[in-house]
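A closer look at the structure
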Amino acid sequence: QVQLVESGGGLVQAGGSLRLSCASSGRTFSSYVMGWFRQAPGKEREFVAAITRGGGTTNYADSVKGRFTISRDNAKKTAYLQMNSLKFEDTAVYYCAASGAYYARSPNEFDYWGQGTQVTVSS
């Protein structure tokens, strides 16, 4: 069982930055692909970024490419999402998730989810 807890959300002005963290309680954190998703009111949950077990490969949604960076520290059992140049349309609840698959991008490929953290970008 893996428990994930996100932190770092908040209110920021457009153009600003935030760093989200996702702490895992499981002992096998390094066995999971980690991903970040977001869900805005009235919209479906959408993929933001993912990182492979060792951190060697990352993947991003086109909407955040060049602005967001996903990373992980397996020793600390924590994944991160550095968000720069934030836009109003980045406003959403952000979720981290863990997948036992070799590679994952779709929500249904992820096995464990955090409770989410709100990110609000003011224009």
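Now for a look at the structure at hand. (Residues numbered from 1 in each chain as written. Predicted model: local features only at pLDDT ≥ 70, side-chain atom pairs only at ≥ 80, totals over all residues. Heavy atoms only, no water.)

Observations regarding the overall build of the protein chain
Check the secondary structure of the protein chain and you find zero helices and 11 strands. For the protein chain, the spread of C-alpha atoms along the three principal axes comes to 40 × 25 × 25 Å. Looking at the protein chain residue by residue over its 123 residues, the buried ones come to 46%. In the protein chain, 58% of the contacts between residues at least 6 apart in sequence involve partners at least 24 apart. (Helix = DSSP H or I, 4+ residues; strand = E, 2+ residues; numbered from the N terminus. Buried < 20%, exposed > 50% of the residue type's maximum accessible area, 1.4 Å probe, protein only. Contact = heavy atoms within 4.5 Å.)

Brief notes about the pairing of strand 7 (residues 68-73)
In strand 7, alternate side chains face the same way, and those of Phe68, Ile70 and Arg72 are buried while those of Thr69, Ser71 and Asp73 on the opposite face are not. Pairing of strand 7 with strand 8 (residues 78-83) involves six bridges; the strand directions are antiparallel. Residue Asp73 lies in a different strand from strand 8, and its bridge partner there is Thr78. The antiparallel hairpin formed by strand 7 and strand 8 contains four residues in its connecting segment, where Lys77 sits at a positive phi of about 55 degrees. (Pairing = 2+ DSSP bridges.)

What to know about the nonpolar core
Within soluble globular proteins, side chains that are nonpolar generally end up buried alongside one another. Ranked by size, the top nonpolar core spans 36 residues in total, and within it Met34, Trp36, Val48, Phe68, Leu81, Met83 and Tyr94 carry the most contacts. Looking at this core, the elements with two or more residues in it are strand 3 (18-24), strand 4 (33-39), strand 5 (46-51), strand 7, strand 8, strand 9 (92-99) and strand 11 (117-122). Filtering out sequence-adjacent residues up to four positions away, Met83 remains in contact with Gly16, Ser17, Leu18, Leu20, Arg67, Phe68, Tyr94 and Val119. (Core = buried A, V, L, I, M, F, W, Y, C linked by side-chain atoms within 4.5 Å.)

Observations regarding the packing of aromatic side chains
In this structure the tally under the stated criterion is six aromatic pairs. Centre to centre, the rings of Phe37 and Trp113 are 5.0 Å apart; their planes meet at 50 degrees, and the pair counts as tilted. Note that Phe37 is positioned in strand 4 and Trp113 in strand 10 (residues 112-113), a separation of 76 residues in sequence. Among the residues examined, Phe37 registers a relative accessible area of 0% and is labelled buried. With a centroid separation of 6.5 Å and an interplanar angle of 75 degrees, the aromatic rings of Tyr95 and Trp113 are classed as edge-to-face. Taken together, the positions of Tyr95 in strand 9 and Trp113 in strand 10 put the pair 18 residues apart, joining distant regions of the chain. Since its relative accessible area comes to 13%, Tyr95 is described here as buried. (Phe/Tyr/Trp six-rings, centres within 6.5 Å; stacked < 30°, edge-to-face > 60°.)

Description of the side chain of Thr78
The topology assignment puts Thr78 in strand 8. A polar atom in the side chain of Thr78 sits 2.9 Å from the backbone oxygen of Lys76. Ignoring sequence-local partners within four residues, the contact set of Thr78 consists of Ser21, Cys22, Ala23, Phe29, Arg72 and Asp73. (Polar contact = N/O pair within 3.5 Å; in protein donor to acceptor, adjacent residues only side chain to side chain.)

A short note on the state of the cysteines
Within the structure shown, the criterion is met by one disulfide. Between the sulfur atoms of Cys22 and its disulfide mate Cys96 the distance is 2.0 Å. Taking the sign of the torsion about the S-S bond as the criterion, the disulfide between Cys22 and Cys96, at about 55 degrees, is right-handed. Within this pair, whereas Cys22 is found in strand 3, its partner Cys96 is found in strand 9, the two being separated by 74 residues in sequence. Exposure remark for Cys96: the relative accessible area of 0% places this residue in the buried category. (Disulfide = S-S within 2.5 Å.)

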